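If you want the building blocks of each chain, they are given just below.
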Amino acid sequence: MSDVFLNGKYLGKVDDPKAFVASIKDERRKNKLAGSANVLYNDEQNEVYVFSAGGRLRKPLILVKDGKSLMTEQHEKQLEKKEISWTDLVKQGVIEYLDASEEESAYVAFTEEEVTADHTHLEISPLVMFGLCTSLFPFANFTQGTRVSIGSKNQKQALGFYAANYQLRIDMDISLLHTPQVPIVKSVMHDVAEYEKHPSGQNVIVAIMGYDGYNMDDALVINKASVDRGLARSTYYRPVVSEELRYSGGLTDEISIPDKEVKGYKSEKDYAFLEEDGIISVESNVKEGDVIIGKTSPPRFLSGLDEYNLASSTRRESSSSLKHGEKGIVDFVLVSESSNGNRLIQVRLREQRIPEVGDKFTSRHGQKGVIGLIVNPGDMPFTASGLTPDLIFSPHGIPTRMTVSHLLELLGGKIGALAGRFVDGTTFESEKEADLRKELASLGFRDNGTETMYNGITGKKYKARIFVGNMYYLKLRHMVSNKLHARARGPIQLLTRQPTEGRAKEGGLRLGEMEKDTFVAHGASLLLKERFDSDKTIVPVCEECGLIAVYDNYKDKTFCPTCGGDVNISNIELSYAFKLLLDEFKTLGVYPKLNLSNKY
Amino acid sequence: MNIPKEYLNEFPEKIIDDLKESGKGLTDSKFKKVLEKTLEEYKKARITPGECVGLVGAESIGEPGTQMTLNTFHFAGVSEMNVTMGLPRIIEILDGRKTISTPMMEVYLKGKLSGEKVKAHALMLKETLLGVVVDEFNIDIADLKIDVLLKEDKLTERSLTSATVANVIKKAIKKATVTKEDNTVTVKLTGKDASLNELYRTKEKLKDVFVSGIKGIKEVLPVKRKEEFIIITAGSNLNEVMALDFVDTTRTTSNDLYEVHAVLGVEAARQLIIDEVMKVMENQGLNVDVRHIMLVADTMCVNGNIKGITRYGVVSEKSSALARASFETPVKHILAAALTGERDELTSVVENVMLNQPVPLGTGLPGLVTEVKK
Ligand SMILES: [Zn+2]
């Protein structure tokens, strides 16, 4: 007798739990029961759990019967000829899906060789335990798990050929790599996912060595010759969108070159690129401040009198123009309709991005870094055969992170490039290091991948032999030109009088809570005060009632709105945000009285 | 070596003892020089006025905290016992949590006892729930009753009889009749709401019925500490353990702050905070000066009760209404302050940052006044 639970709810009892569970599994494999059901007998608790609800993660496995895999050679042949498909195998009961609970009772063999009579299932491939991005990580079984996770995440940020119809698309903040390549060191997943149709990196020659400290702390040194020949070049696309909105009372926005009478008219120069229809002409080279789409909107509030005024004089300017630090070439103009039926103008800007100091790159092994120096080819180290690397990677990145796969790919890439073939780096099923070494030796190189190299500046031979080979490198979407920012003075917010936030608004860099703490911990009070001075104001305060008084600029007189003009009023210095806070207190019905006293 | 009177009041006891020890065999004039030099060094080492000790302390504990790994520490032994260590434990202590995740005791015993004796004492401490001494629960759906089959050997091991167990069950389960026959105790539901579900729930409830030992002591582990055996327990009940006559009450401790506070008082609780935080830090191989932690412990215990470093604890007692408002739920704090007519003297950091005034610390502390000649 044991209890049976269906989706966690008590259902009843069965006499023979093992037979009961076996019959459920059997009927499921014969397609008499829903394939989504999973069942587990817990002999410790003497309870049977049946699960059929949604939200369970399930994993496909090959069934094993009497020590033999049900997936036969005949199946494989049929699969190759495309006579049967995956779903047929599931229907035939060759493959079944297990959830986390049923997996408890399964005994899964990792490879076909280790299947015994006790096994119930066989793993389809060791690779199925990974997701797509991790499957693309070559030699992952040689590297620490955390690094594998980092490496898989990095691949998602890589630039590549993201969509074949990119010319017709308006995407936000997207880049296209100019000459993407298929990696020399591949995994099975590269073929399965048809990676050659949307590659996202390039094979570069990498030397693992220092370069005068310019590649310390994960920085990379790259060869100017490679950059000049188009290495890691990309195009950055950014849309500018404007919609002709309709307002109540039949008023609408109007996309056109604004009249000079319009409220907020910029200057004639700013509208210079606009064509007659108010939209910029294609291939014009624009920079910050230039208007991309000219637009005017009706006035915000219509009072009775305004209706008799000339309509154009009260319209507002509401063009879309490039923000601080933005530039580009107009690539494409799309005139269409929004979901609300309004006229929608989308303009795509394009900008060529040549690798520069600060751009971020990564290999597929969680070894990311930014460019620290772009070196003239003449100063680059070279091998005996005269080859200069495209990229120099610091050896200090290797020991602490233990990314052995990084080194193996370098070796594999070298062989691939020399022998003109692809190297299989599929996790758990890759080509063996010993075989790779043998092949490299047969190609006439030292089997450990090192070569004698010479200093490009002095021409002297390096004492150490340098590990140099070929690797797949990815350019990541974080490029300095999108991030570089500094401010000395600039715009402030209307409400708080504090500096604006963010690069696009030419904002300040926030001195946050923790930064404040470091100032306090050092006892640097006056420096701290100076840092927070950005919104300081002089405010007249009535000494009688402690409220903020009024300064009448016209009469050059101060007076208190509650006590009148016949009281002592002092000017004090405080942050404008605090003055705002005092006003908010008043709205709460709280009387914030400032008691003034002389400091000295 | 005698220390001249004028120096006695300058040093703390520890340094005076050290000086007495190291000054042996020195001439008076040389010793005087040593004293002078020591006083100079001692004065240099003192915290200067205006030093922001709280913040420096917070950073000195917080920065190593970022390097902490989420490790649990395992005792080597038969029954695996793990204790929350690392960052979670630090958070637990400094927040002043009422219930901690792994309460634990170190029970010292009076006199030198043999291993066998210690084992027997340990078993006396261990809490026994019904589930442990039961062989099988048989549910009878038709009669709405449960047959509880007791395990003979488990009962004798704990010097229990089936009769005492039956009594315990009778007390614990209401709305049921309890009968006993040999080693079987039968529980029959009688109440109005007797149903299959109720029966099932009763079965689960029966498993957790307390039978013997000390409540809360889930696991016991006798360990050798230096020369003697001590008992480490999972679960804590300081009050009842200290009442036992074989327990050395001067050394027995728990890691439960509130229990120690209730049984031994606030000074013991303060010391426990220091010890427990230091234990975690040392366990992680981090080096934090004990004085930073002492400051935290003092802040938490200053009014006789344990207050956590949270918005309900220490923060709620800040003197400045503006500082409290800037932390959380500003409207609540401001309205409360307005009702009582609170006056903010702007003596602390946050208020002065809000007003853009120099913080009264470090360079902001002294005021410089020059006399103007007329
Ligand atoms: Zn007034």
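What counts and how
Residues numbered from 1 in each chain as written. Chains lettered and ligands numbered in written order. Predicted model: local features only at pLDDT ≥ 70, side-chain atom pairs only at ≥ 80, totals over all residues. Heavy atoms only, no water. Domains from an automatic or database assignment. Donors = N, O, S within 2.8 Å, 3.2 Å for Na, K, Ca; no water. Tetrahedral: all angles 85-135°; square planar, octahedral: opposite > 155°, others 65-115°. Core = buried A, V, L, I, M, F, W, Y, C linked by side-chain atoms within 4.5 Å. Buried < 20%, exposed > 50% of the residue type's maximum accessible area, 1.4 Å probe, protein only. Helix = DSSP H or I, 4+ residues; strand = E, 2+ residues; numbered from the N terminus. Contact = heavy atoms within 4.5 Å. Patch = residues over 30% accessible without salt bridge, like charges linked within 9 Å, V, L, I, M, F, W, Y side chains within 5 Å. Areas by Shrake-Rupley, 256 points an atom, 1.4 Å probe, with all protein chains shown as cover. Salt bridge = Lys/Arg side-chain N within 4 Å of Asp/Glu carboxyl O. Lys, Arg positive; Asp, Glu negative; His and termini not counted. Charge placed at Lys NZ, Arg CZ, Asp CG, Glu CD. Phe/Tyr/Trp six-rings, centres within 6.5 Å; stacked < 30°, edge-to-face > 60°. Lys NZ or Arg CZ within 6 Å of the ring centre and 35° of its normal. Buried area = accessible area lost by both parts, 1.4 Å probe. Polar contact = N/O pair within 3.5 Å; in protein donor to acceptor, adjacent residues only side chain to side chain. Nonpolar A, V, L, I, M, F, W, Y, C, P; charged D, E, K, R; others polar. Axes fitted to C-alpha atoms, helices over the stretch in contact; angles between N-to-C directions. Parallel < 35°, antiparallel > 145°, perpendicular 65-115°, else oblique. Left-handed = near helix turned anticlockwise from the far one by under 90°. Pairing = 2+ DSSP bridges. Expected span 1.5 Å × (residues − 1). Arc of directions from axis to C-beta.

Caption draft 1: Structural view of the domain arrangement of chain A. What the domain assignment reports for chain A is domain 1 (2–128), domain 2 (149–233 + 357–475), domain 3 (235–353), domain 4 (489–523) and domain 5 (536–587). Using only C-alpha atoms to locate each centre, domain 2 of chain A and domain 4 of chain A end up separated by 40 Å.

Caption draft 2: Main features of the domain arrangement of chain B. For chain B, the domain assignment lists domain 1 (5–45), domain 2 (128–212) and domain 3 (318–364). Here domain 2 of chain B and domain 3 of chain B have C-alpha centroids that lie 60 Å from each other.

Caption draft 3: How the structure looks around the coordination of the zinc ion. Distances from the zinc ion to its protein donors, A:Cys542 (SG), A:Cys545 (SG), A:Cys560 (SG) and A:Cys563 (SG), fall within 2.2 to 2.3 Å. Each of the 4 donor atoms around the zinc ion contributes to a set of angles spanning 105 to 115°, which defines the coordination as tetrahedral.

Caption draft 4: Expanded view of the nonpolar core. Within the largest apolar cluster, 40 residues are counted, with the highest numbers of intra-cluster contacts made by B:Val107, B:Leu125, B:Ile231, B:Val241, B:Ile273, B:Val277 and B:Met281. Among the secondary structure elements, those contributing two or more residues to this core are helix H5 (86–95), strand E3 (104–108), helix H6 (115–125), helix H11 (238–243), helix H12 (257–264), helix H13 (266–283) and helix H14 (290–301) of chain B. In terms of residue count, the dominant contributor to this core is H13(B) (8 residues). Excluding residues within four positions of it along the chain, B:Ile231 makes contact with B:Met105, B:Glu106, B:Val107, B:Leu109, B:Val118, B:His121, B:Ala122, B:Leu125, B:Val220, B:Leu221 and B:Pro222. With 25 residues, the next largest nonpolar core counts A:Val204, A:Ile222, A:Leu231 and A:Leu411 among its residues.

Caption draft 5: Up close: a nonpolar patch on the surface. A surface patch of nonpolar side chains, about 230 Å² in accessible area, is lined by A:Trp86, A:Ile124 and A:Val128. Under the relative-accessibility criterion, A:Val128 is labelled partly exposed at 36%.

Caption draft 6: Molecular detail of a negative patch on the surface. A contiguous patch of negative charge on the surface is contributed by A:Glu73, A:Glu76, A:Glu80, A:Glu112, A:Glu113 and A:Glu114. By the secondary structure assignment, A:Glu76 is in helix H2 (residues 73–80).

Caption draft 7: Looking closely at the packing of aromatic side chains. Under the counting rule described, the total for this entry stands at 11 aromatic pairs over all chains. Between A:Phe161 and A:Tyr166, the ring centres sit 6.0 Å apart and the planes meet at 75°, which makes this aromatic pair edge-to-face. With a centroid separation of 5.7 Å and 65° between ring planes, the pair formed by B:Phe11 and B:Tyr42 is classed as edge-to-face. Of the two residues, B:Phe11 sits in the loop between helix H1 (5–8) and helix H2 (13–22) while B:Tyr42 sits in helix H3 (residues 28–45), which places them 31 residues apart along the sequence. Counting every residue linked through ring pairs, the aromatic cluster contains A:Phe5, A:Tyr10, A:Tyr49 and B:Tyr200. Above the ring of A:Phe422, the side-chain terminus of A:Lys186 is found at 4.1 Å from the ring centroid. In this structure, A:Arg348 packs its charged tip against the face of A:Tyr237, placed 5.0 Å from the ring centre.

Caption draft 8: Just the environment of B:Leu264, in detail. Residue and element names in this part refer to chain B. Mapped onto the secondary structure, Leu264 falls in helix H12. Taking the C-alpha atoms as reference points, Leu264 and Asn239, separated by 25 residues in sequence, lie 9.3 Å from one another. In this view, Leu264 contacts Leu238 and Met242; residues no more than four positions away in its chain are not counted.

Caption draft 9: Molecular detail of the interface of chain B and chain A. Between chain B and chain A, the contact holds 29 residues from the first and 30 residues from the second. Counting each side, the surface lost to burial between chain B and chain A is near 2400 Å², with a carbon and sulfur contribution of 67%. Looking at the side of chain B facing chain A, the largest losses of area belong to B:Tyr200, B:Asn356 and B:Pro358, adding up to 23% of the total buried there. Our count for the contact surface shared by chain B and chain A stands at 0 salt bridges. At the junction of chain B and chain A, the tally comes to 12 residue pairs in polar contact (both at pLDDT 80 or more). Where the side of chain B that touches chain A is concerned, the elements lending two or more residues are helix H4 (53–67), helix H10 (196–207), helix H16 (330–339) and helix H17 (349–355) of chain B. Of the residues assigned to the side of chain B that touches chain A, the class counts are 20 nonpolar, 6 polar and 3 charged.

Caption draft 10: Seen up close, the side chain of A:Ser152. Turning to its location among the elements, A:Ser152 is positioned in helix H6 (residues 145–156). Judged by relative accessible area, A:Ser152 falls into the buried class, the value being 5%.

Caption draft 11: Summary view of the packing of helix H13 (residues 513–521) of chain A against H4(B). At a minimum axis distance of 9 Å, the contact between H13(A) and H4(B) shows a crossing angle of 125°. The pairing of H13(A) with H4(B) is recorded here as oblique in orientation. Seen along the crossing, H13(A) lies across H4(B) with a hand that is left-handed. Contacts between H13(A) and H4(B) involve A:Asp517, A:Thr518, A:Val520 and A:Ala521 on the former and, on the latter, B:Leu55, B:Val56 and B:Glu59. Per-class residue counts for the contact of H13(A) with H4(B) are 4 nonpolar, 1 polar and 2 charged.

Caption draft 12: Focus on the pairing of strand E30 (residues 466–475) of chain A. Residue and element names in this part refer to chain A. Taking burial as the measure, the 10 residues of E30 include 10 buried ones, the bulk of the element. The alternating pattern of E30 places Ile466, Val468, Asn470, Tyr472 and Leu474 on one face and Phe467, Gly469, Met471, Tyr473 and Lys475 on the opposite face, and all of these are buried. Where strand E12 (residues 202–208) meets E30, 7 bridges bridge the pair, whose relative direction is antiparallel. Counted as the bridge partner of Ile205 is Asn470 from E30. Bridge count for strand E23 (residues 360–362) against E30 is 2 bridges, and the pairing is antiparallel. Its bridge partner being in E30, Phe361 is matched across the sheet by Lys475. Pairing geometry for strand E28 (residues 450–451) and E30, over 2 bridges, is antiparallel. Directly across from Thr450, in E30, lies its bridge partner Phe467.

Caption draft 13: Structural detail: helix H1 (residues 17–29) of chain A. Residues and elements named next belong to chain A. Helix length check: H1 (13 residues) gives 18 Å between terminal C-alpha atoms against 18 Å at 1.5 Å per residue, within 8%. Among all positions in H1, only Pro17, Val21, Ile24, Lys25 and Arg28 are buried. In a view along the axis of H1, the buried residues occupy a sector of 95°, so they form one face of it. On its buried side, H1 packs onto strand E1 (2–6), strand E2 (9–14), strand E3 (38–42), strand E4 (47–51), strand E7 (95–99) and helix H4 (100–103). Note on H1: the residue one or two positions beyond its end, Asn31, has a positive phi of about 65°.

Caption draft 14: Focus on H6(B). All names here are of chain B. Along H6, the residues classified as buried are Val118, His121, Ala122 and Leu125. Down the axis of H6, the sector holding all buried residues measures 105°, keeping them to one side. Residues of H6 that are exposed and point more than 90 degrees away from the buried face comprise Glu116, Lys119 and Met124.

Caption draft 15: Inspection of the sheet that holds strand E12 (residues 253–254) of chain B at higher detail. Residues and elements named next belong to chain B. Ordered in space as E10-E11-E3-E12, the 4 strands form an open sheet in which the pairing is antiparallel. The open sheet has two edge strands, strand E10 (219–225) and E12, and neither has a second partner. In this structure, E10 lies alongside strand E11 (residues 228–234), joined through 7 bridges in antiparallel fashion. By the bridge assignment, Leu221 is partnered in E11 with Ile232. Strands E3, E10 and E11 of the sheet are contacted by H6, whose axis makes an angle of about 20° with E11.

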